[in-house]
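Summary of the model geometry
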Amino acid sequence: MIRAAIEASVDRIGALIEAIPADGAASDAPRRYRRAVLTTVAAAERTPDGVNLFALAVQGWSHAQTDAATQAAIAERYGSILAHWASVAQGWGLSPARAEAYAAALGAVVLGYVVERALLAEPEVEVVLSALDE
């Protein structure tokens, strides 16, 4: 049951992320895309009925340490999101290696944001975005 809830929440957020337009023509596309991703993820923190998906994510990651099937499910879904981000970055003209690095960095920022929000109820997404834009 825990795995099903985790899979559903990651699939929901993954679908939201994949719907973000890449806008590969503009020189500031990476910054604008990063902003769109973080804003989208922040807006998905809670489901309409109040379930905190960020807290569920932290619980899922914890559960994955002792359950190989949960770990595999999370890794598969997260890998799909990273591959999507790398594909978007290649659309901006980045080499495959740079695109994978961009995807990994974006993933680290998103996961860090999710954990901090789940554990500390901070920071607000605009604080993170402002710091990254500087």
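Our subject in this report is the structure included herewith. (Residues numbered from 1 in each chain as written. Predicted model: local features only at pLDDT ≥ 70, side-chain atom pairs only at ≥ 80, totals over all residues. Heavy atoms only, no water.)

Concerning the overall build of the protein
The helix and strand inventory of the protein stands at six helices and zero strands. Along the protein, helices and strands appear, N-terminal first, in the series α-α-α-α-α-α. For the protein, whose C-alpha radius of gyration is 15 Å, the value lies close to the compact-globule estimate of 14 Å for 134 residues. Principal-axis analysis of the C-alpha atoms gives the protein an extent of 45 × 30 × 25 Å. Scored against the burial criterion, the 134 residues of the protein give a buried share of 35%. For the protein, the share of sequence-separated contacts (at least 6 apart) that also reach a separation of at least 24 residues comes to 63%. (Helix = DSSP H or I, 4+ residues; strand = E, 2+ residues; numbered from the N terminus. Rg over C-alpha atoms; globule rule 2.2 N^0.38 Å. Buried < 20%, exposed > 50% of the residue type's maximum accessible area, 1.4 Å probe, protein only. Contact = heavy atoms within 4.5 Å.)

A short note on the packing of aromatic side chains
Overall, the coordinates contain three aromatic pairs when judged by the stated rule. Arranged with centres 5.7 Å apart and planes meeting at 70°, the rings of Tyr33 and Trp92 form a pair that is edge-to-face. Of this pair, Tyr33 sits in helix α2 (residues 29–43) while Trp92 sits in the loop between α4 (68–91) and α5 (96–120), and the two are 59 residues apart along the sequence. A residue is classified by how much of its surface remains accessible, and Trp92, at 15% relative accessible area, is buried. (Phe/Tyr/Trp six-rings, centres within 6.5 Å; stacked < 30°, edge-to-face > 60°.)

Some details on the environment of Ala89
Relative to the helices and strands, Ala89 resides in helix α4. Owing to a relative accessible area of 0%, Ala89 belongs among the buried residues under this scheme. Apart from residues lying up to four places away in sequence, Ala89 is in contact with Leu94, Ala99 and Tyr102.

Section: the packing of α2 against α5
Contact pair α2 / α5: the axes reach a minimum separation of 11 Å and the direction vectors enclose 30°. The angle between α2 and α5 falls in the class roughly parallel. The handedness of the crossing between α2 and α5 comes out as right-handed. Seen from α2, the contacting residues are Pro30, Tyr33, Arg34, Val37, Leu38, Val41 and Ala42; seen from α5, they are Tyr102, Leu106, Val109, Val110, Tyr113 and Val114. A per-class count over the contact of α2 with α5 returns 12 nonpolar, no polar and one charged. (Axes fitted to C-alpha atoms, helices over the stretch in contact; angles between N-to-C directions. Parallel < 35°, antiparallel > 145°, perpendicular 65-115°, else oblique. Left-handed = near helix turned anticlockwise from the far one by under 90°. Nonpolar A, V, L, I, M, F, W, Y, C, P; charged D, E, K, R; others polar.)

Let's talk about the environment of Arg35
With respect to the helices and strands, the residue Arg35 is situated in helix α2. A sequence separation of 11 residues divides Arg35 from Arg46, and the C-alpha atoms of the two residues are 19 Å apart. Once residues lying within four places of it in the same chain are set aside, the contact partners of Arg35 are Glu126, Leu129, Ser130 and Asp133.

Considering α2
The terminal C-alpha atoms of α2, which comprises 15 residues, lie 21 Å apart, in line with the 21 Å expected from a rise of 1.5 Å per residue. The inward-facing, buried residues of α2 abut α1 (2–18), α3 (53–64), α4, α5 and α6 (125–133). (Expected span 1.5 Å × (residues − 1).)

Topic: α5
Taking 1.5 Å of rise per residue, the 25 residues of α5 would be expected to cover 36 Å, and the 35 Å separating its terminal C-alpha atoms lies within 8% of that figure. Those residues of α5 hidden inside the fold are in contact with α2, α3, α4 and α6.

Some details on the nonpolar core
When a protein is soluble and globular, its nonpolar side chains tend to lie buried together. The biggest cluster of nonpolar side chains holds 33 residues, and the ones touching the most others in it are Tyr33, Val37, Val41, Trp85 and Val110. Those elements that provide at least two residues to this core are α1, α2, α3, α4, α5 and α6. When residues in this core are grouped by element, the largest group, seven residues, is from α5. Sequence-distant contacts of Val110, that is, excluding residues within four places in its chain, are made with Val37, Leu38, Val41 and Trp85. (Core = buried A, V, L, I, M, F, W, Y, C linked by side-chain atoms within 4.5 Å.)

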